[in-house]
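Observations on chain architecture
In case you want the letters, here they are:
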There are 2 protein chains.
Amino acid sequence: MKMEDIARLAGVSKATVSRVINSPEQVSPQLVSRVEQVLKETGYAPNLLARELVTKQTHLIGVVVPQIGIDTFAEMIEGITHVLNQNGYNLLLATSRDQPEEELRYFDVFRKKQVDGIISFPTLLLERHQTFFARSGLPLVLVSQLDPGGTVPSVLYDDFNGTRDMVEYLLALGHRRIAYLGVGQHNKVIDQARREGYLAALSRHGVAPEERLMTQGDFSLQYGYRAMQTVWQSEGEKPTAVFAATDRLALAAIQYLREQGCSVPEDVSVAGLDDMDIAATVHPSLTTVHYDYYNSGVQAAELLLLRMRRPQERLENIMIGYQRKERGSTCAVKK
Amino acid sequence: MKMEDIARLAGVSKATVSRVINSPEQVSPQLVSRVEQVLKETGYAPNLLARELVTKQTHLIGVVVPQIGIDTFAEMIEGITHVLNQNGYNLLLATSRDQPEEELRYFDVFRKKQVDGIISFPTLLLERHQTFFARSGLPLVLVSQLDPGGTVPSVLYDDFNGTRDMVEYLLALGHRRIAYLGVGQHNKVIDQARREGYLAALSRHGVAPEERLMTQGDFSLQYGYRAMQTVWQSEGEKPTAVFAATDRLALAAIQYLREQGCSVPEDVSVAGLDDMDIAATVHPSLTTVHYDYYNSGVQAAELLLLRMRRPQERLENIMIGYQRKERGSTCAVKK
DNA sequence: ATGAAAGCGCTAACAT
DNA sequence: ATGTTAGCGCTTTCAT
């Protein structure tokens, strides 16, 4: 069923049907109701591909994230989806599985699909990203990372200060040997700011970092467990506290420590970062750094909407703040 | 930059450019390389809208889920995405927020966008769903729910038996007063099978269900906490065990019990359902019913692919099995 | 206010 | 093997 059929059934021209659908105020009331009648009866659905080919607006936004199954990403996508849908946009979702090439491949698909804009959570920015940013002419927003070229606006997490703050908190509790469980292997950028925050806190308090207390891996619980094990079995005095770059790692670390007959927080304090919703529910409740990931998605979507409406306007990056949550998995070091 | 421009630059016709892109074997090697040269230099990206308008294939699959931020949904979407991307399809993602009307609205958008197929995790099937299934002519797959009309294939979770099995396990441990924390308020269908499984187990062992021990709510931790509280404060003897319809509810219930000075599992056993990945990591580790949600997404996507390739073939529903995981949050009832 | 016709960028049948 | 041409289903001038 196409527009021409509707036109014939209503005894009008294609153009009139199109007007009834898109700008009924331009058509006489009688014809409007006559056409609408037919529209109802037939259950006509306009072919948006055809419309979009003409109008050059697809109301489609391409979104790339490393994964979906991780709470923080899922929350963020939920925020993006909400705002975008609210504004009449649909989202084309893809996962890069931590591979920058995959991400670029999707950028290309998005471009061919004529998306109106792109939101991306990059793993690692390659030179080809820059080329794409410069050439595509598409409205873009980055999450969690800065565009070295300075043309694409970003939504950033204040990981450096969040981590520094938490580690200083541990230092204030009297801890000196503080382990760092990172995620650097897969996602360098996510790890970097946290690692630097950790080091900054130590240096500020005159504590020398020890390689054996620092690990890097991925987001998995298995890795968190093994990382804690590696640290725990390393030569030298045991750490009295652990900062994990994500809550999941922290949870896995606590599990390992518990199995070693070591209780948290009495023997070892453990702090995470993310504040996933169950962090306050489990026991011991997790001391962690809270970020509003849902909101970060909302901000990213709104930033993109802004960019699309006023392409030339210079936009500020948005920094997502943190809150330190002191809960049950940390306490003062034993004398 | 359009195809015509490429044609001009390469000194050939539009049709030849199209052939070089879509079926180079039909073009002489010299022209292929000449055109490809130009394609490279210009960084030409074909407008897929135009192609799709002609070929009537968008390689787009519409996916609707109630939410994204819940682990189980996110895992499932990850499975869908993986298979679909692997097969050259992209996914158009929407969330219904537990509203059947929203879901139908997206079905309509999908249809207009000319998607090649739809995967939906319905909250509640209305009559209009049936109408859509019958009229749209689109390849469809349902998750977690049966099509009453019997035309749309489904991927189902064996919630009835999973729950029954787990509750029988609790009964075998000697528990008789077993609470049920349900999710029925928002998603009737998800709750129904679990509730029936619970009742079936009780009835099989001659235990009369008690209204005061059964609640219904949503997926949130807050609700799980309040539900446990309601049950705990109800008139009558305290339950010795709790079956929660999801792990999240179980975790929240454990938190409430702990705050009441009640230890799990010594005083009260608690079992969940889902086996979210941290279920084995937290303490006490959670006795639960395991489902492979990622795989359910894979199955749904493959079922849809099958349906799209052979539209008339009658397809069997797929049942996702369960595994009972006996862990630390349950034990035999105290004598 | 309405209709006729051109055109969006591509594919595919047909002709050469 | 290559080019010409007619659509795909819509929107949007431009006439009337």
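Residues numbered from 1 in each chain as written. Chains lettered and ligands numbered in written order. Predicted model: local features only at pLDDT ≥ 70, side-chain atom pairs only at ≥ 80, totals over all residues. Heavy atoms only, no water.

1. Examining the relation of the copies chain A and chain B
For clarity, the cut-off: The copies are overlaid by a least-squares fit using only the C-alpha atoms of residues whose pLDDT is at least 70 in both copies. The contact criterion used throughout is that any non-hydrogen atoms of two residues lie within 4.5 Å.
With an axial shift of 0.0 Å and an RMSD of 0.1 Å, the rotation relating chain A to chain B amounts to 180°. Each copy turns onto its partner about a two-fold axis. Considering only C-alpha atoms, the part of chain A nearest the rotation axis is Leu-92 of chain A, at 2.3 Å. When the interface residues of chain A are mapped onto chain B, 100% of them again lie at the interface, so the same face is used by both copies.

2. A few points about the protein's contact with DNA strand D
Selection rule: What makes a residue near a molecule or strand is one non-hydrogen atom of that residue sitting within 4 Å of it. Here a polar contact is recorded for every N or O atom pair within 3.5 Å, except that within protein the pair must consist of a potential hydrogen donor and a potential acceptor, and residues adjacent in sequence are included only if both atoms are side-chain atoms. Think of it this way: any DSSP run of H or I at least four residues long counts as a helix, any run of E at least two long counts as a strand, and we number them from the N terminus. By the convention adopted, Pro, Cys, Tyr, Trp, Phe, Met, Ile, Leu, Val and Ala count as nonpolar, Lys, Arg, Asp and Glu as charged, and the other residues, Gly among them, as polar.
Within the structure, DNA strand D sits among 26 residues, and Met-3, Lys-14 and Tyr-44 of chain A together with Arg-19 and Ser-28 of chain B are positioned closest to it. Between a phosphate oxygen of DNA strand D and a side-chain N or O atom of Ser-18 of chain A, the distance comes to 2.7 Å. Contact distances for DNA strand D include 3.0 Å between a sugar or linking oxygen and a side-chain N or O atom of Lys-56 of chain B. Breaking the surface near DNA strand D down by element, the ones donating at least two residues are α2 (14–22) and α4 (48–55) of chain A together with α2 (14–22) and α4 (48–55) of chain B. It is α2 of chain A that contributes the most residues to the surface near DNA strand D, five residues altogether. Per-class residue counts for the surface near DNA strand D are twelve nonpolar, eight polar and six charged.

3. Here we look at the sheet that holds strand β7 (residues 214–216) of chain A
The strands making up a sheet associate through hydrogen bonds between their backbones, and the pairing can be parallel or antiparallel. All names here are of chain A. What counts here: Paired strands are those between which DSSP finds at least two bridges. Note on method: axes are straight lines fitted to C-alpha atoms, helices fitted across the in-contact stretch only, with angles between N-to-C directions ranging 0 to 180 degrees.
Pairing is parallel across the open sheet formed by four strands, whose spatial order is β7-β6-β8-β9. Both edges of this open sheet fall to β7 and β9 (269–271), since each of them pairs with a single strand only. Put simply, the sheet's adjacent strands are angled 15° from each other on average, direction ignored. Inspection of the sheet shows strand β6 (residues 178–182) paired to strand β8 (residues 241–244) by four bridges, in the parallel sense. The residue bridging Ala-179 from the neighbouring strand is Val-242, located in β8. Each of β6 and β7 touches helix α9 (residues 188–204); the most contacted strand, β6, lies at about 170° to it. Helix α10 (residues 221–233) rests against β6, β7 and β8 of the sheet, and its axis sits at about 145° to β6.

4. Some remarks on the domain arrangement of chain A
Often, the extent of an interface is quoted as the loss of accessible area on bringing the components together. Residue and element names in this part refer to chain A. Quick note on the threshold: Here the bounds of each domain stem from an automatic or database domain assignment. When two components associate, each loses some accessible surface as probed by a 1.4 Å sphere; the sum of these losses over both components is called the buried area. Basic side-chain nitrogens of Lys or Arg form a salt bridge, by our definition, when they fall within 4 Å of a carboxyl oxygen of Asp or Glu.
You can read the domains of chain A as domain 1 (3–55), domain 2 (60–157 + 293–322) and domain 3 (159–290). Computed from C-alpha atoms alone, the centre-to-centre distance between domain 2 and domain 3 is 29 Å. Listed per partner, the contact involves 16 residues of domain 2 and 16 residues of domain 3. Interface area for domain 2 against domain 3, summed over the two sides, is near 1,300 Å², with a carbon-plus-sulfur share of 57%. Considering only the surface of domain 2 that becomes buried against domain 3, Asp-71, Tyr-293 and Tyr-322 emerge as the three largest contributors, covering 40% of it. In this assembly, domain 2 and domain 3 are joined by one salt bridge. Ionic pairing is found between Asp-71 and Arg-248, a salt bridge with its closest N-O pair at 4.0 Å.

5. A short note on the sheet that holds strand β7 (residues 214–216) of chain B
Residues and elements named next belong to chain B. Taken in spatial order, the four strands make up an open sheet running β7-β6-β8-β9, and their pairing is parallel. Each having just a single partner strand, β7 and β9 (269–271) make up the two edges of the open sheet. The average angle at which neighbouring strand axes cross in this sheet is 15°, direction not considered. In terms of strand pairing, strand β8 (residues 241–244) meets β9 through three bridges, oriented parallel. For Val-242, the partnering residue across the bridge sits in β9 and is Val-270. Set on the sheet, helix α10 (residues 221–233) makes contact with β6 (178–182), β7 and β8; between it and β6 the angle comes to about 145°. Its contacts with the sheet put helix α11 (residues 247–259) on β6, β8 and β9, and the angle it makes with β9 is roughly 160°.

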